[in-house]
There are 2 protein chains.
Amino acid sequence: MDTTQRTDQQRSADRRRRELLEAADRVVLRDGPQASMNAIAAEAGITKPILYRHFGDKGGLYAALAKRHTDALLDSLRAALDAPADRRERVESTLATYLAAIEARPQVYRFLMHPAEGSTGGDHGFDVGKHSAPLLRRMGEELAQVIEERVDLGPESQQLARVWGHGIVGMMHAAGDWWLGERPCSRAELVRSLADLLWGRLAAAGDKVGGPGF
Amino acid sequence: MDTTQRTDQQRSADRRRRELLEAADRVVLRDGPQASMNAIAAEAGITKPILYRHFGDKGGLYAALAKRHTDALLDSLRAALDAPADRRERVESTLATYLAAIEARPQVYRFLMHPAEGSTGGDHGFDVGKHSAPLLRRMGEELAQVIEERVDLGPESQQLARVWGHGIVGMMHAAGDWWLGERPCSRAELVRSLADLLWGRLAAAGDKVGGPGF
DNA sequence: AGTGCGATGTTACTAGCGGTAACAAGAGTC
DNA sequence: GACTCTTGTTACCGCTAGTAACATCGCACT
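Keep in mind that this is a model prediction, so the values were computed, not measured. (Residues numbered from 1 in each chain as written. Chains lettered and ligands numbered in written order. Predicted model: local features only at pLDDT ≥ 70, side-chain atom pairs only at ≥ 80, totals over all residues. Heavy atoms only, no water.)

(A) Quick look at the overall build of chain A. What chain A contains, in helices and strands, is 10 helices and 2 strands. Scanning chain A from its N terminus toward the C terminus, one meets helices and strands in the order α-α-α-α-α-α-α-β-α-α-α-β. Within chain A, the fraction of its 214 residues that count as buried is 44%. Contacts in chain A between residues at least 24 apart in sequence constitute 62% of all its contacts with a sequence separation of at least 6. About 10,700 Å² of surface is accessible on chain A, with carbon and sulfur atoms providing 52% of the total. (Helix = DSSP H or I, 4+ residues; strand = E, 2+ residues; numbered from the N terminus. Buried < 20%, exposed > 50% of the residue type's maximum accessible area, 1.4 Å probe, protein only. Contact = heavy atoms within 4.5 Å. Areas by Shrake-Rupley, 256 points an atom, 1.4 Å probe, with all protein chains shown as cover.)

(B) Quick peek at the relation of the copies chain A and chain B. Laying chain A over chain B is done by rotating through 180 degrees and shifting 0.0 Å along the axis; what remains is an RMSD of 0.1 Å. On the angle and the small slide along the axis, the relation comes out as a two-fold axis. Proximity to the rotation axis, assessed at the C-alpha, singles out glycine 200 of chain A in chain A; its C-alpha lies 1.8 Å from the axis. A shared binding surface is used by both copies, with 100% of the interface residues of chain A retained as interface residues in chain B. (Least-squares fit on C-alpha atoms with pLDDT ≥ 70 in both.)

(C) Highlighting the packing of aromatic side chains. All names here are of chain A. A complete count under the given rule lists 2 aromatic pairs over all chains for this structure. Pairing tyrosine 62 with phenylalanine 111 gives two aromatic rings, centres 5.4 Å apart and planes at 70 degrees, and the pair type is edge-to-face. A residue pair is termed long-range when its members are at least 10 positions apart, and tyrosine 62 in helix H4 (residues 58-81) and phenylalanine 111 in helix H6 (residues 106-113) qualify at 49 residues. Here tyrosine 62 and phenylalanine 111 have matching classes, each one buried. (Phe/Tyr/Trp six-rings, centres within 6.5 Å; stacked < 30°, edge-to-face > 60°.)

(D) Main features of the protein's contact with DNA strand D. DNA strand D sits among 15 residues. The nearest are Lys48, Tyr52 and Lys58 of chain A together with Thr47 and Arg53 of chain B. Sugar and phosphate atoms represent 48% of those atoms of DNA strand D found within 4 Å of the protein. At 2.3 Å from a phosphate oxygen of DNA strand D is found a side-chain nitrogen or oxygen belonging to threonine 47 of chain B. Partitioning the surface near DNA strand D into residue classes produces 6 nonpolar, 4 polar and 5 charged. (Near = heavy atom within 4 Å. Polar contact = N/O pair within 3.5 Å; in protein donor to acceptor, adjacent residues only side chain to side chain. Nonpolar A, V, L, I, M, F, W, Y, C, P; charged D, E, K, R; others polar.)

(E) Layout of the confidence of the model for chain A. Residues and elements named next belong to chain A. Averaged over all residues, the pLDDT of chain A is 86; the fraction at 70 or higher stands at 84%. The least confident element of chain A is helix H1 (residues 2-31), whose mean pLDDT is 77; the most confident is helix H9 (residues 187-198), at 98. Residue range residues 1-6 is modelled with pLDDT below 50. Its contacts to residues more than four positions away, or to other chains, number 0 contacts. Of the regions scoring below 50 in pLDDT, residues 117-131 engages in 16 contacts with residues more than four places distant in sequence or in other chains. (pLDDT = per-residue confidence, 0-100.)

(F) The arrangement of the interface of chain A and chain B in detail. If you look at the interface, chain A gives 58 residues, while chain B gives 58 residues. Note on chain A versus chain B: buried area summed over both sides is about 5,500 Å², and carbon and sulfur give 56% of it. Taken as a group, Trp178, Leu202 and Lys208 of chain A account for 13% of the area that chain A buries against chain B, more than any other trio of residues on that side. Between chain A and chain B we count 6 salt bridges in total. Taken together, the links from chain A to chain B amount to 22 residue pairs in polar contact (both at pLDDT 80 or more). Those elements giving two or more residues to the side of chain A that touches chain B turn out to be helix H5 (87-104), helix H7 (134-150), strand E1 (151-152), helix H8 (157-182), H9, helix H10 (201-204) and strand E2 (206-207) of chain A. (Buried area = accessible area lost by both parts, 1.4 Å probe. Salt bridge = Lys/Arg side-chain N within 4 Å of Asp/Glu carboxyl O.)

(G) Here's a closer look at the UniProt feature "DNA-binding region" (unreviewed entry) in chain A. UniProt records the feature "DNA-binding region" (unreviewed entry) for residues 36-55 of chain A in the present numbering. A distance of 14 Å separates the end C-alpha atoms of residues 36-55 of chain A, which is 80% helix and 0% strand. (UniProt positions renumbered as here; feature names shortened; annotations may be inferred.)

(H) Region of interest: the packing of H7 of chain A against H8 of chain A. Residue and element names in this part refer to chain A. The contact between H7 and H8 brings their axes to 7 Å, and the two run at 130 degrees. In terms of orientation, H7 and H8 fall into the oblique class. In terms of crossing hand, the pair formed by H7 and H8 is right-handed. On the side of H7, the interface is formed by Leu136, Arg137, Met139, Gly140, Glu141, Leu143, Ala144, Ile147 and Glu148, while H8 contributes Ser157, Gln158, Ala161, Arg162, Trp164, Gly165, His166, Ile168, Val169, Met172 and His173. Here the contact of H7 with H8 is composed, by residue class, of 10 nonpolar, 6 polar and 4 charged. (Axes fitted to C-alpha atoms, helices over the stretch in contact; angles between N-to-C directions. Parallel < 35°, antiparallel > 145°, perpendicular 65-115°, else oblique. Left-handed = near helix turned anticlockwise from the far one by under 90°.)

(I) Molecular detail of the protein's contact with DNA strand C. Every one of the 15 residues lining DNA strand C counts as a neighbour, but Thr47 and Arg53 of chain A together with Lys48, Tyr52 and Lys58 of chain B are closest to it. Near-protein atoms of DNA strand C (within 4 Å) split between backbone and bases, with sugar and phosphate holding 43%. Between a phosphate oxygen of DNA strand C and a side-chain N or O atom of arginine 16 of chain A, the distance comes to 3.3 Å. The backbone of methionine 37 of chain B places a nitrogen or oxygen atom 3.0 Å from a phosphate oxygen of DNA strand C. Among the elements of the structure, helix H3 (48-55) of chain A together with helix H3 (48-55) of chain B are those that each provide at least two residues to the surface near DNA strand C. Of the residues that constitute the surface near DNA strand C, the class distribution is 6 nonpolar, 4 polar and 5 charged.

The structure is reproduced here in structure tokens:
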């Protein structure tokens, strides 16, 4: 039968694909997101057309690469987010997990967030339009779902949860990006400061001397 | 004297530079951030080397272009941020100003946030490393300064203000990006939801039925 | 055996990019 | 008139993403 044959072939192709992805990973981690297809092919010990047969174009390869890392990060975030602890604790541990991840592998992080969008060759540049940083979107949606499941927000809870999901993820991302560049404080301090912000300390704090009119 | 002469020449060069920037603006707004130097030169009615004499390389041109828009946006944000009103009002009007700006000119916004980082030609690709989105950084620092000037945060206020500045800007950015893509609600609703988040509604809300253990 | 077929791999190429060198021409100064 | 500075050009380099055409191995089928 050709079913078993096709299965064998497909399995072999899948293994090859994984090997190629691992090679691409090494190159991207070494050369940054602007790693060339030639360099990736060389690292894998083959030549360009094979890469194109497997992934279509550069965008396809990058999307496959990003999906792997995104899935891994989201898994660890989910674990922190769904832990049986009180809300503040869960928020802090999620923040800490994210920050630890980007601290441990900053190149992966940069690749996921700024994946070298401007493909220059020809008109076949992969459509960057909306998919600028899929990881952020996915994290936002994920968080929104958790919020909506577990927090009582009254009517319009779904919409509010989505706004908050994307907003909180953006806060975490921007603060993490800045922190990674300047390292102005420890990770624990950053986590506490952000959690304090989410816990309404901005509203609770008083005005500074000089009055609100100035 | 050659002082007046040089002044004349410089003024003429500056005018030319401004014209070139406006042409580049038109092309970037039409073709997106991956607009080619050839296209920009053609739009300006000249050829490439002139662009390179004025701006050094593509990164220089993009930086000059970004600075113009960034300055303009920051000016209007500062106005909202420094208005003589109470804190919540100021926060809401700043959020509204930002969202109105990105809604009015989404292409400008995309250019500022995702400026086609991966320059492919040669090794002279402009160093994207840390300067991924200078606008976000500048906004974060600006906001941090305002917070530190006007809000009483006790000791370590400076560091806390900077974390919050970058965090809030990131929240605004991510939520705005998502909102611009999906338009799930009106601008006013988004502003209120985000302000509610900053005002601690996440901490104040109760758990949903099912208990915190689930 | 031989014959086809589908995957794997190569070399050699195109078109377009960022960036530069070399050269031509106008304008003001001595 | 010669000298210099700025503005502009054409023609090129090395690189990129992506493709076409050809070679080759393994396997099934008759």
